[in-house]
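Coordinates in review
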Amino acid sequence: MFPRLLFVVALGALASLSGAYTSAQGRGAPAPLPAGQTNDPFPQPIVRDQGVITVTLREFASLPDIAGVPARMMTLVEEPMSRRLFVSDMRGQLYTVSADGKAVTPYLDISDPKWGVAVQSQGRERGMQSFVLHPQFAQAGTPGFGKLYTYADTSNQTPAPDFTTPNAGTTHDTVLLEWIATTPGAAAYDGGAPRELIRLRQPFANHNGGALAFNSTARPGAADYGLLYMGIADGGSGGDPMALAQNLGSAFGKVFRIDPLGRNGRGGKYGIPAANPFVSTAGALPEIFAYGVRNTQRFGWDSRNGAMYLSDIGQNIVEEVSPVTVGANLGWNVWEGSFRFVSREAVVTESPRSDPKVTYPIVEWGQLDPVLLPNNSSASVGVIVYRNSTIPQFTGRLLFGDMPSGELFHVSADELPKGGQDPIRRVLFVTGAGTAPRTFLEILQEKNRAQGKTVATRADMRFDADAAGRIFLLNKADGTIRMIER
């Protein structure tokens with residue numbers, strides 16, 4: 001096992017998705033940190049070869065390139081009635097994939113000029129962030145029949161925003177849109193123009209959106225059924241410069257919970273659930289379910305007990321997966337994971353997890369961890385609590401990952417860790433009988449060579465599951481959807 005210091009010296013400064021830590025690049029070694037501060041708060045690296053789960057990964061379907069560039073896949077959602085899979089490309093395209101993966105069909109292009117959305121998809125972080133089908137999407141005669149929701153960045157800033165920031169400049173807007181298909185089972189979207197529910201005016205080009213989901217454990221008649229959870233990042237730049245995540249009067253750095261079919265919210269465009277925690281708090285936005293997040297990527301629920309989790313991208317030191325309860329404060333930007341936040345260069349090592357009012361991660365890892373090499377960035381993604389038996393190796397495990405490196409990790413879902421990276425164990429993949437276990441990125445790179453494409457240096461991994469317990473891995477490197485098997 002290599003000493004961590006060797007990796008810190010070798011890596012210098014490590015960039016995150018916020019474009020971040022570059023103090024050592026081209027300017028010599030960084031200045032020593034003050035006593036009690038560190039850029040590497042976990043003394044032991046993630047164990048490479050203990051508790052590894054090995055599963056089979058096979059190619060399932062492929063999305064088309066656009067102008068020679070592979071699909072920038074972000075989200076996969078199953079429609080349970082037809083068992084079709086809906087998959088998004090960040091540039092605004094939505095496809096359906098048959099249950100066997102043999103047919104891929106264009107369903108909706110929200111970037112089509114006729115819709116007026118004008119998807120802004122420059123860089124790695126902008127575009128169609130997420131989408132979701134209403135739980136009643138295929139149920140005729142219900143209020144949610146035919147409804148789906150997209151969460152996308154747009155260059156069209158003509159409409160007035162519902163939520164903005166004190167920043168004088170803006171770069172684009174992020175909009176939550178409702179689309180209504182006339183015939184949900186049709187091969188392509190056959191409805192009209194979308195209805196806008198929420199518009200956020202973005203002060204910076206990064207940290208634009210994140211997760212969008214309905215509670216997968218809520219059944220008809222339950223209080224949470226049909227309520228939409230929406231992750232809103234802290235507005236971007238770095239370090240939350242306007243301290244928005246802790247400000248209950250700001251939408252940024254929050255998890256919203258709204259009723260998309262209701263009308264008692266802002267402008268009568270959506271509803272505010274009566275059980276939201278800050279409905280009666282003076283100066284607080286009633287849409288807020290939880291706060292203190294930086295750049296939320298995914299929500300996940302445990303079907304056994306209804307517990308909710310999210311993956312949140314850290315600044316430059318710590319990546320995290322955290323539990324979410326009603327009214328929870330997840331700490332940012334006072335805390336980065338379990339540690340007091342100082343800057344892009346450091347966190348405080350003294351008195352970790354010491355504020356009883358803050359909800360801390362169940363698991364976290366350092367961006368300098370050697371298992372993430374050769375990437376120069378790190379970002380939390382996930383999360384699935386696996387209660388199925390289709391992949392028995394995963395039963396009872398909580399799955400999450402590191403987006404750029406493509407590392408998939410697991411911990412116990414029944415004996416949840418209490419922070420740190422010591423409990424983290426890896427998942428590796430074989431692609432056929434007799435093949436050696438490899439990382440997801442290595443498999444993508446092999447595919448790139450076969451395609452004659454530039455070999456990817458990062459995976460940009462996302463993953464989602466269907467009701468049958470199949471898990472699908474998405475990426476932005478080769479346009480291929482892959483399915484995990486036992």
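Residues numbered from 1 in each chain as written. Predicted model: local features only at pLDDT ≥ 70, side-chain atom pairs only at ≥ 80, totals over all residues. Heavy atoms only, no water.

Backbone hydrogen bonds are what pair the strands of a sheet, in a parallel or an antiparallel way. Strand order across the open sheet formed by four strands is S11-S12-S13-S14, with antiparallel pairing between neighbours. Of all the strands in the sheet, the pair left with one neighbour each is strand S11 (212-214) and strand S14 (288-291). Neighbour-to-neighbour, the strand axes of the sheet open up by a mean angle of 20 degrees, direction not taken into account. The pairing of strand S13 (residues 254-258) with S14 spans three bridges and is antiparallel. Across the sheet, Val255 pairs through a bridge with Ala290, a residue of S14. (Pairing = 2+ DSSP bridges. Helix = DSSP H or I, 4+ residues; strand = E, 2+ residues; numbered from the N terminus. Axes fitted to C-alpha atoms, helices over the stretch in contact; angles between N-to-C directions.)

Checked against the element boundaries, Phe60 lands in strand S2 (residues 53-62). Judged by its relative accessible area of 7%, Phe60 is buried. Spatially, the C-alpha atom of Phe60 lies 21 Å from that of Val455, the residues being 395 residues apart in sequence. When sequence neighbours within four positions are dropped, the list of residues in contact with Phe60 reads Leu85, Val97, Ser98, Ala99, Asp100, Gly101, Arg470, Phe472, Ile481, Arg482 and Met483. (Buried < 20%, exposed > 50% of the residue type's maximum accessible area, 1.4 Å probe, protein only. Contact = heavy atoms within 4.5 Å.)

A few words now on the side chain of Asn316. If you trace the backbone, Asn316 turns up in the loop between strand S16 (308-312) and strand S17 (318-324). Here Gln315 takes part through its side chain, which lies 2.9 Å from a polar atom of the side chain of Asn316. (Polar contact = N/O pair within 3.5 Å; in protein donor to acceptor, adjacent residues only side chain to side chain.)

On to the nonpolar core, then. Phe394, Phe429, Phe463, Ile471, Leu473 and Ile484 are the most contacted members of the largest nonpolar core, which totals 27 residues. Mapped onto this core, the elements with two or more residues apiece are S2, strand S22 (380-386), strand S25 (425-430), helix H2 (440-451) and strand S27 (471-474). With four residues, the top contributor of residues to this core is H2. The contact partners of Phe463, leaving out residues within four places of it in the chain, are Arg298, Val381, Gly382, Ile384, Leu399, Phe400, Gly401, Leu408, Ile471, Phe472 and Leu473. Leu197, Ile232, Leu244 and Tyr291 belong to the second largest nonpolar core, which has 26 residues in total. (Core = buried A, V, L, I, M, F, W, Y, C linked by side-chain atoms within 4.5 Å.)

With that out of the way, let us pick up the confidence of the model for the protein. Per-chain confidence: the protein averages 93 in pLDDT, with 94% of residues scoring 70 or above. For the stretch residues 1-27, pLDDT sits under 50, and the model shows 71 contacts to residues farther than four places along the chain or on other chains. (pLDDT = per-residue confidence, 0-100.)

Attention now moves to the sheet that holds S16. Reading across from one edge, S15-S16-S17-S21 is the order of the four strands in this open sheet, with antiparallel pairing throughout. Edge strands, defined here as strands with exactly one partner in the open sheet, are strand S15 (296-301) and strand S21 (363-366). Strand-to-strand twist in this sheet, taken as the mean axis angle between neighbours without regard to direction, amounts to 15 degrees. Taken together, the four bridges between S17 and S21 define a ladder with antiparallel strand orientation. Bridge pairing in S21 places Glu320 opposite Glu364.

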